[in-house]
Amino acid sequence: MAFHVRTSGRPAETATDRQERISWWSQEKLRQARVMIVGAGALGNEVIKNLALVGVGYMVVVDFDDIEISNLSRTALFRQEDLGKRKALVAAQRGRELNVEPSAAVEALDADLVWEVGLGLYRRVDLVLGCLDNLEARLAMNRACLLTGRPLIDGGIRELAGSVYVFQPPFRSCFSCATTKRERAAARSRYDSCFQTLRRGYAQGRLATVQMTSALIAALQCELALKWLHQRLPLPYFDTTAVSRRPQCECEALAPLPDSATIAGSSTTTTLRALRASLQAAGLEEAVVKFPASFVAGVECMRCGRDSEIRRPLPRLRSEELQCRWCRRPGDREGLQLHYLSDSLEVLEAEAAGGEPLQDLTLAQLGFPQLHVYGVQDRRGGMHYFELANDIHEALPNLAKRLS
């Protein structure tokens, strides 16, 4: 289905008529394309707008931030009445309104890219476009693309300058190769150095930039994306510089994970106990489920000898929350010892020692994101990979419908 306009004596014209006059253009390829846009700020707005106007059939927008007043001078999709709303939700809505393809779907995933976006999402898209403003998220996105074999077109802006990187399988280099040791060390700056909990009052860097720069960089990202979707890379009319592989970079060792089996359940409703029962039914007895991040069951105070229950994934724990609830000394963490868990075997051991039934927490409560690829180790040390069947239907119903 497409928009048609008929004028007297002339054949009907569609909204995509002019671009379809390009000799190698396939509107059907764009209609079937599935693109992930990471970041809904200045760059992300321009990318969503551009891809909507050429009729890309499916886009998922990932962001976990609010719209602020400074966004209004640099974003084409946000308005005064959107202040305080979530970027991903508003950007996805406006992308749907702009899309010239009536059957197109634009969905939002309001989530922290580093900890709340599973590899299962990357596996289900054709292409990832990075529109981020911080290095930690870029490195996480880069690693996910390496593990899923998905091409990455990453854009960056600062003042009146910008850059675009293209990394595609087979990966001879990756985004991490283009970073320095100091940059990689500083990437986790939102975490407290002692316990790696979230820092109080952390604010991301406010980079100096203007809308024209983001428009230029996003336009180049989108042109590269269109070229890639039509199998027409590289661009012959641009000067390019190859990124050399950094010695001992993760792209040298990481390879795409094998295909995952599917088991019933979802991360929001399935408990760890139920997951282990499903794995046992699938023939994996004594399975060890690897956590995506450490889970903090509690903290022990070395002064008074008492325990304080926490029961939160480490990435969701703020540094100021680490205190003995008996001594109550805010900000004084000396003498505190955290009880970490990193797999289901440790959970069993904790319960055997008299702890609470942690296995009855849902996978989401334990820190597993939706669309997570579960790494499961059997008794012989072999690794198996699973996904939960209902996650995609809960998180991204339009994408699930397109894949069915």
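Anyway, here's the lowdown on the structure attached to this text. Everything numeric in this text was worked out from a predicted model, so none of it was measured.

Conventions adopted
Residues numbered from 1 in each chain as written. Predicted model: local features only at pLDDT ≥ 70, side-chain atom pairs only at ≥ 80, totals over all residues. Heavy atoms only, no water. Helix = DSSP H or I, 4+ residues; strand = E, 2+ residues; numbered from the N terminus. Buried < 20%, exposed > 50% of the residue type's maximum accessible area, 1.4 Å probe, protein only. Contact = heavy atoms within 4.5 Å. Areas by Shrake-Rupley, 256 points an atom, 1.4 Å probe, with all protein chains shown as cover. Salt bridge = Lys/Arg side-chain N within 4 Å of Asp/Glu carboxyl O. Phe/Tyr/Trp six-rings, centres within 6.5 Å; stacked < 30°, edge-to-face > 60°. Expected span 1.5 Å × (residues − 1). Pairing = 2+ DSSP bridges. Axes fitted to C-alpha atoms, helices over the stretch in contact; angles between N-to-C directions.

Our focus in this paragraph is the overall build of the chain. Scanning the chain from terminus to terminus reveals 14 helices and 14 strands. Buried positions account for 46% of the 404 residues belonging to the chain. By sequence separation, contacts in the chain at least 24 residues apart represent 67% of the contacts at least 6 residues apart. Per element, the accessible surface of the chain, about 20,100 Å² overall, is 49% carbon and sulfur.

Applying the stated criterion across every chain yields a total of 20 salt bridges. Of the charged contacts in the structure, one is a salt bridge between Arg21 and Asp17, with a shortest N-O distance of 2.8 Å. A residue is classified by how much of its surface remains accessible, and Arg21, at 59% relative accessible area, is exposed. Through salt bridges with shared partners, a single network forms among Asp82, Lys85, Arg94 and Glu97.

So, about the packing of aromatic side chains. Counted under the stated rule, the structure contains five aromatic pairs. Relative to Trp25, the ring of Trp24 has its centre 5.9 Å away and its plane inclined at 35°; by these criteria the two rings are tilted. Look at Trp25 and you get buried, because its relative accessible area is 13%. Here the aromatic rings of Tyr165 and Phe167 are separated by 5.7 Å at their centres, their planes lie at 15°, and the arrangement is stacked. Linked through ring pairs, Tyr165, Phe167 and Phe175 together constitute an aromatic cluster.

The subject of this paragraph is the environment of Leu160. Structurally, the position occupied by Leu160 is in the loop between β7 (152-158) and β8 (161-167). For Leu160 and Gln211, which are 51 residues apart along the polypeptide, the C-alpha to C-alpha distance reads 9.3 Å. When neighbours within four sequence positions are excluded, Leu160 is seen to be in contact with Val210 and Thr213.

On to helix α9 (residues 211-229). A rise of 1.5 Å per residue sets the reference length of α9, with its 19 residues, at 27 Å; its end C-alpha atoms lie 26 Å apart and thus fit the reference within 8%. All of the buried residues in α9 are Thr213, Ser214, Ile217, Ala218, Gln221, Cys222, Leu224, Ala225, Leu226, Lys227 and Leu229. As for α9, its buried residues are in contact with α2 (27-32), α3 (42-54), β6 (127-130), β7 and β8. Two residues or fewer past α9, Gln231 is found with a positive phi of approximately 55°.

With respect to the secondary-structure elements, Thr270 resides in the loop between β9 (261-263) and α11 (272-281). Aside from chain neighbours lying at most four places away, what touches Thr270 is Gly265, Leu275, Leu361, Thr362 and Leu363.

Another aspect to go through is the sheet that holds β6. The strand order across the open sheet built from six strands is β5-β4-β3-β6-β7-β8, with neighbouring strands paired in mixed fashion. Each of the sheet's edge strands pairs with one partner strand only, and the pair in question is β5 (105-110) and β8. When the angles between neighbouring strand axes are averaged without regard to direction, this sheet yields 15°. Pairing between strand β3 (residues 34-38) and β6: four bridges, direction parallel. Among the inter-strand pairings, Ile37 is bridged to a residue of β6, identified as Leu129. Strands β4 (58-63) and β5 of the sheet are contacted by helix α4 (residues 87-98), whose axis makes an angle of about 175° with β5. Relative to the sheet, helix α7 (residues 135-148) contacts β3, β6 and β7, its axis offset from that of β7 by approximately 165°.

Just geometry here; none of it tells us what the structure is for.
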